[in-house]
Amino acid sequence: MRASSAPTPSRRNVLAGAAVAAAAVALPVAAPAAAHATSRRTPHGVRGAQAYRWRTAAIGGTGFVTGLLFHPSVKGLAYARTDIGGAYRWDDTRSRWTALTDQLGWDDWNLLGVEALAVDRAHPDRLYLALGTYAQSWAGPGAVLRSEDRGATWARTDLTVRLGANEDGRGAGERLLVDPCDSERLWLGTRHDGLLRSTDRGATWASADFPATPAANGQGIMFLVAAGRAVYAGWGDGGTPLYRTNASGGWEAVPGQPSGGVAASKVPIRAAYDTNTRSLYITYADAPGPNGQADGSVHRLDTVTGSWTDVTPVAPNSGAGDGFGYGGVAVDAGRPGTVVVTTNNRWAQVDTLFRSTDGGSTWTSLKDTAVLDVSETPYLRWGGDAAKFGWWIQALAVDPYDSHHIVFGTGATVFGTRDLAHWAPQIRGLEESAVKFLIAPPTDGARLLSGLGDIGVMYHESLTTSPSRGMASNPVFGTATGLALAALEPSYVVRTGWPSGSGAAGAYSEDGGRSWQPFAAQPEIAAAAPGPVAVGADGATLLWSFIHWDGTKYPAHRSTDNGATWTEVATFPKGGTPLADPLDPTRFYVYDTDTGTVFRSTDSGTTFTPGATRLPSGDVQFKMAAAPGRRGDLWLSAKDNGLFRSTDGGLTFDAVAGCQASHALGFGAAAPTGPRKSGRRVRDPYPAIFQTGRVSATFDGVAVLRSDDAGATWVRINDDSHQWGWTGEVITGDPRVHGRVYLGTNGRGIQYADPE
């Protein structure tokens, strides 16, 4: 799960019924299957654009991989889905994943979560995705993408029902299936709208009869799986857990199945069919997961005789502190009776994979003999000496062409083995970070500092390899809530975040982020409501704001001794984001989004007084940035209210002409040949400005933009193949290289680019 700051979605009425729109929409051609795709064309609708080469900074996963699928008919071909970061295709010859959904743009932010995927055994190039991150009323409807070339290009059908790729039950599945008897027919199980069917390969969809009644807040259909010529469906809302198609084309409850009234078999999670033995294996839990499970089981159905066998490897025992459910299940196509299952939510003893070679009669725990090598992604040690085998393990696959090649997804990576003993992340190219903060230091050292959802802060000495230091430690954080650098003393950095393994919520570094020391003390509220932090230009003053996850705001505090002591700042608006002037150590600013007022301090953050008023208000995602190397030069991104600038330290602001929307803004090195006045070069050219925003004179929609003339004109620097859904959290340039940009996404990691 991500703690994400998603764009405020438009409110939509809940649609009754399961009728589905039949409009098929052609999508832009996706980038070629390359490690780093490059755009060399000006996208349609762009009047000012510059070609950039876009790449993804390497960290290695960092998010929940919810589905893994080897193609049954093509050696070395596999696909992965994620809860908020799109879908990927595995290239076995290059040992890396290729992103398949980066072309989804700003308005399609809710489609970056992949609820389900499906392939066609008879047509190896066909791929189908069911997209939709949230099934709530405020989220838009889902969509189905279909490809005839393994995801290189797509056609799209918009649905009128909502899907929930980042909700409970997202590790179940797959909910999308090509009918085993007819490649033209597809089935899609939804959470709240029953069963959908397509008879034209996903171009149009209609409701299909199903014997269970969906609920507005339920799980609905958990999975669809083919077993011979029949289709089986798992049901997650109580009553009968398992149904199948019958000879007349309808659905019936499977006779003799485990009772849905028993906790251990209440919710079917996944199923896998062994074509050699004609056995169907099903994992169960008492809740959909990935959290909240305390009981579960594994059962085998002989689809010929109809007999059921309980083949649970180990019975959960929550009373003894070992409660958990069962999650992933996969069969070995090359070895009859060989099956692998995963535990899930087994925090005490740590989750494992159980493997059986005799149809579930006996099992071996693969974790017990596993040798983990996470040297390629050191952050998986989580600030400690060793990595966990896994958690949130609900995605699992066995290579049909290599019985020893097993992969499983966790809450942070994909582990793989080719000998059942040695395991390492199989994650290159798959980046799922939700990015909160980005700082490109002005001096030698880190190429980049990042603050991320779930995994704290990273020191990137390289952009092509995972940070060698892993997660910033001493202390370790979960989600970062603040990251700031002293502009005149760039070796001094501070960070704040949700504590992980200790109560410490803040730390400082005197070597540019290589190593850290926790604040010697912190305000009482800090661990429960860590908020953003700022550091004065000379590193002498810290300002720390506090806001609980539920939105409750608390007074900010100030420290002048590296966090050894703290004093409340009564005149600082509660919950605001402090901003330090990059040139004057005595100046700090904060934008009160509740009232649309900028508050200023000229006494090193001791007191604040109102400056500009009557600015846009009512949205905590409005944000302010200070131009480097200048005193009191402030820019305010107010989303669809536009972009504003102050040159008098926040006393007044003027709208930036021609900018209809600004969501995130940052600065980089000025153009090497600045504008000329009277034939002479300007001595101090203005820094390059980068933003995600809308300037209609440049491009018709929200885009990644750059200005080299203080916002007078803009060029679009991304293209239709590189959009990544919502990108409104953070963007920055590089103070050392003109034109380079770093862009934070909400599920596709850190994107960076240089002009071509």
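Now for a description of the structure that goes with this document. (Residues numbered from 1 in each chain as written. Predicted model: local features only at pLDDT ≥ 70, side-chain atom pairs only at ≥ 80, totals over all residues. Heavy atoms only, no water.)

**Structural notes on the layout of surface pockets**
Which entries qualify depends on this criterion: Here the term cavity refers to a set of points on a 1 Å grid, laid over the protein atoms alone, in which a 1.4 Å probe fits but cannot get out; the term pocket refers to an open set having protein on both sides within 12 Å along at least five of seven lines, with lining residues being those that place an atom within 4 Å of a point. Grid points are joined across faces, edges and corners, and a volume is the space filled by probe spheres set on the points. Secondary structure elements follow DSSP: runs of H or I no shorter than four residues count as helices, runs of E no shorter than two count as strands, and numbering proceeds from the N terminus. Here the term charged refers only to Asp, Glu, Lys and Arg, the term nonpolar to Ala, Val, Leu, Ile, Met, Phe, Trp, Tyr, Cys and Pro, and the term polar to all other amino acids, Gly among them.
Each pocket or cavity is described by its volume, and for the second largest pocket that value is around 1100 Å³. What lines the second largest pocket is a set of 41 residues, and nearest its centre among them are L69, P72, R121, V225 and A226. For the lining of the second largest pocket, the secondary structure elements donating two or more residues are β3 (65-70), β7 (114-120), β11 (176-178), β15 (221-227), β19 (267-274), β23 (325-331) and β28 (396-398). The residue makeup of the lining of the second largest pocket, split by class, is 29 nonpolar, four polar and eight charged.

**Side note on the side chain of D332**
Selection rule: For every residue, the accessible area obtained with a 1.4 Å probe (protein chains only) is divided by the maximum for its type, and the residue is called buried under 20%, exposed over 50%, and partly exposed between those limits. Neither His nor the chain termini are counted; the positive set is Lys and Arg, and the negative set is Asp and Glu. The salt bridge definition used is simple: a Lys or Arg side-chain nitrogen within 4 Å of an Asp or Glu carboxyl oxygen. Throughout, a residue-residue contact means that at least one pair of heavy atoms, one from each residue, lies within 4.5 Å.
Here D332 is to be found in the loop between β23 and β24 (339-344). No salt bridge is formed by the buried D332. Its closest oppositely charged neighbour is R335, at 4.3 Å. In this view, D332 contacts N276, T338, V398 and S403; residues no more than four positions away in its chain are not counted.

**Thoughts on the pairing of β3**
Counted only if it meets this: At least two bridges found by DSSP between two strands are what make those strands a pair.
Burial of β3 is extensive: five of the six residues sit out of reach of the surface. Counted along the chain from β3 to the antiparallel partner strand β4 (residues 77-82), the turn is six residues long, and its residue G76 has a positive phi close to 80 degrees.

**Overview of the sheet that holds β28**
Sheets are built from strands that pair by backbone hydrogen bonding, the pairs being arranged parallel or antiparallel. Taken together, five strands build an open sheet; the order of strands is β27-β31-β30-β29-β28 and the sheet is mixed. With one partner strand each, in any of the chains shown, β27 (371-372) and β28 form the two edges of the open sheet. As judged from the three bridges shared by strand β30 (residues 414-417) and strand β31 (residues 422-425), these two strands associate in the antiparallel manner. The residue bridging T417 from the neighbouring strand is W423, located in β31.

**Focus: unusual backbone geometry**
A negative phi angle characterises most non-glycine residues, just as the trans form characterises most peptide bonds. Going from G173 to E174, the amide bond is cis rather than trans, its omega being 0 degrees. Residue placement: E174 occurs in the loop between β10 (155-158) and β11. Residue P475 is bonded to the preceding N474 through a cis peptide linkage, with omega at 5 degrees. Secondary-structure assignment places P475 in the loop between β34 (456-460) and β35 (477-486). Positive phi outside glycine occurs at R201, with the angle close to 60 degrees.

**Section: empty space enclosed by the protein**
Counted according to the given criterion, the structure contains six cavities of 30 Å³ or more. Its boundaries defined by the atoms lining it, the largest cavity holds a volume of some 90 Å³. Lining of the largest cavity is provided by ten residues; of these, I84, W109, L112, W726 and N746 occupy positions nearest its centre. Looking at the lining of the largest cavity, its residues break down into seven nonpolar, three polar and no charged. One number sums up the size of the second largest cavity: a volume of about 60 Å³. In this structure, the second largest cavity is lined by G105, W106, V702, A703, V704, N718, Q723, W724, G725 and T727. Split by residue class, the lining of the second largest cavity holds five nonpolar, five polar and no charged.

**A look at the sheet that holds strand β59 (residues 750-755)**
Selection rule: Fitted lines through C-alpha atoms give the axes, limited to the stretch in contact for helices. The angle between two N-to-C directions lies from 0 to 180 degrees.
Within the open sheet, the four strands sit side by side as β2-β59-β58-β57. Their pairing is antiparallel. Unpaired on one side and paired on the other, β2 (52-56) and β57 (731-734) mark the two borders of the sheet. Across the sheet, the axes of successive neighbouring strands diverge by a mean angle of 25 degrees, strand direction being ignored. With four bridges joining them, strand β58 (residues 737-744) and β59 adopt antiparallel strand pairing. Pairing of L743 across the sheet is with Q751, part of β59.

**A look at the nonpolar core**
As a reminder of what qualifies: Think of a nonpolar core as a cluster: buried Ala, Val, Leu, Ile, Met, Phe, Trp, Tyr and Cys residues, connected wherever their side-chain atoms sit within 4.5 Å.
In terms of nonpolar packing, the biggest core is built from 38 residues, with L353, Y379, I406, F408 and W423 touching the most fellow members. When residues of this core are traced back to their parent elements, those giving at least two are β28, β29 (406-409), β32 (435-439), β33 (448-452) and β59. Here I406 is in contact with V340, L353, L366, L396, A397, V398, F415, G416, T417, L420 and W423, once residues within four sequence places are set aside. In this structure, A227, Y232, I282 and W308 belong to the second largest nonpolar core, which totals 19 residues.

**Considerations on the side chain of T732**
Tracing the sequence through the fold places T732 in strand β57. Since its relative accessible area comes to 11%, T732 is described here as buried. Not counting chain neighbours up to four residues away, the residues in contact with T732 comprise L438, G666, F667, F690, R740, V741 and Y742.

**Structural notes on the environment of A564**
Looking at the element boundaries, A564 is found in the loop between β41 (553-559) and β42 (567-569). Accessibility expressed as a relative area gives 35% for A564, which makes it partly exposed. Separated by 146 residues in sequence, A564 and A710 have C-alpha atoms that sit 40 Å apart. Residue contacts for A564: discarding those within four places in its chain leaves A520, A521 and S559.

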